[in-house]
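What follows is each chain in one-letter form.
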Amino acid sequence: AIERTFSILKPDATERNLTGAINAVIEKAGLRIVAQKRIRMTQEQAETFYAVHKERPFFGELVSFMISAPVVVQVLEGDNAIAKYREVMGATDPAKAADGTIRKLYAKSVGENSVHGSDAAETAAQEIAQFFSGNEIVG
Ligand code: CMP
């Protein structure tokens, strides 16, 4: 089925000027970028976005990384988009990511791992709604 998923090109990607290279991998995989904007996340936005991780030891580090430089937030659309994008991203830890995946190609570490993608339909809807209004998504 045609799905939408939420994507972030993280600060390590914007800082190294890799947004176009990553978008090329996304588009080559058959996913369509139907919304996109470059923003600087506020601390509050980052804390809300990662609220599920707030008890983790890396939470503070994660939030400060996400606000350290601009990010590009996106909505990706396509057949089976949620699972497909997770496959295209590769494992969270780039050392474990498969060849050709975004994280294998570009991620620096498990924390500075270049991209985020929603893990399920419900989180995709929530994450999209946190950053985009309906009229900003043009399929
Ligand atoms: P993401 O898919 O954005 O969701 C949670 C993020 O937490 C994850 O990608 C990583 O960037 C980050 N993360 C996960 N594990 C660690 C860790 N051990 N140390 C630092 N950051 C982590």
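What counts, and where the lines are drawn
- Residues numbered from 1 in each chain as written.
- Predicted model: local features only at pLDDT ≥ 70, side-chain atom pairs only at ≥ 80, totals over all residues.
- Heavy atoms only, no water.
- UniProt positions renumbered as here; feature names shortened; annotations may be inferred.
- 1 Å grid on protein atoms, 1.4 Å probe; cavity = no way out; pocket = protein on both sides within 12 Å on 5 of 7 lines; lining within 4 Å.
- Points joined across faces, edges and corners; volume = space filled by probe spheres on them.
- Helix = DSSP H or I, 4+ residues; strand = E, 2+ residues; numbered from the N terminus.
- Nonpolar A, V, L, I, M, F, W, Y, C, P; charged D, E, K, R; others polar.
- Contact = heavy atoms within 4.5 Å.
- Phe/Tyr/Trp six-rings, centres within 6.5 Å; stacked < 30°, edge-to-face > 60°.
- Buried < 20%, exposed > 50% of the residue type's maximum accessible area, 1.4 Å probe, protein only.
- Near = heavy atom within 4 Å.
- Polar contact = N/O pair within 3.5 Å; in protein donor to acceptor, adjacent residues only side chain to side chain.
- Areas by Shrake-Rupley, 256 points an atom, 1.4 Å probe, with all protein chains shown as cover.
- Sits in = over half its atoms within 2 Å of the grid points.

Looking up the chain in an unreviewed UniProt entry gives the name Nucleoside diphosphate kinase, with the organism given as Pseudorhodoplanes sinuspersici. In its Cofactor (unreviewed entry) section, the UniProt entry covering the chain states "Mg(2+)". Turning to the chain, the UniProt annotation filed under Function (unreviewed entry) states: "Major role in the synthesis of nucleoside triphosphates other than ATP. The ATP gamma phosphate is transferred to the NDP beta phosphate via a ping-pong mechanism, using a phosphorylated active-site intermediate."

Moving on, we get to the layout of surface pockets. Roughly 810 Å³ of internal volume is contained in the largest pocket. Lining the largest pocket are 30 residues, with K10, Y50, H53, L62 and H116 positioned closest to its centre. Within the residue set of the lining of the largest pocket, elements represented by two or more residues are α3 (43-49), α4 (59-66), α5 (81-89), β4 (115-117) and α7 (121-131). With four residues, the single largest contributor to the lining of the largest pocket is α7. In terms of residue class, the lining of the largest pocket is built from nine nonpolar, 13 polar and eight charged.

To continue, consider the side chain of Q74. Here Q74 lies in strand β3 (residues 71-79). When neighbours within four sequence positions are excluded, Q74 is seen to be in contact with T5, F6, S7, L9, N23, I26, I33, A35, Q36 and F132.

Turning our eyes to something else, we now look at the packing of aromatic side chains. For the structure on display, the rule yields five aromatic pairs. Ring plane angle 55 degrees and centroid distance 5.7 Å describe the contact between F6 and F49, whose orientation is recorded as tilted. Placement of the pair is F6 in strand β1 (residues 2-9) and F49 in helix α3, with a sequence separation of 43 residues. Relative accessible area serves as the criterion here: at 0%, F6 is assigned to the buried category. Judged by its relative accessible area of 8%, F49 falls in the buried class. Considering the side-chain rings of F6 and F131, the 5.3 Å spacing of their centres and the 10 degrees angle between planes classify their relative orientation as stacked. Within this pair, whereas F6 is found in strand β1, its partner F131 is found in helix α7, the two being separated by 125 residues in sequence. No difference in accessibility class separates F6 from F131, as the two residues are buried.

Moving on to the site of the ligand. Close to the ligand lie K10, Y50, H53, F58, L62, R103, V110, G111, N113 and H116. One of the side-chain nitrogen or oxygen atoms of Y50 is found 2.6 Å away from an oxygen atom of the ligand. V110 is positioned such that a nitrogen or oxygen atom in its backbone is 3.3 Å from an oxygen atom of the ligand. Look at the ligand: alone it shows 460 Å² of surface, and the protein chains cover 79% of it. Cavity membership is defined here by more than half of the atoms lying within 2 Å of grid points; on that basis the ligand lies in the largest pocket. Class assignment for the residues of the shell around the ligand results in four nonpolar, four polar and two charged.

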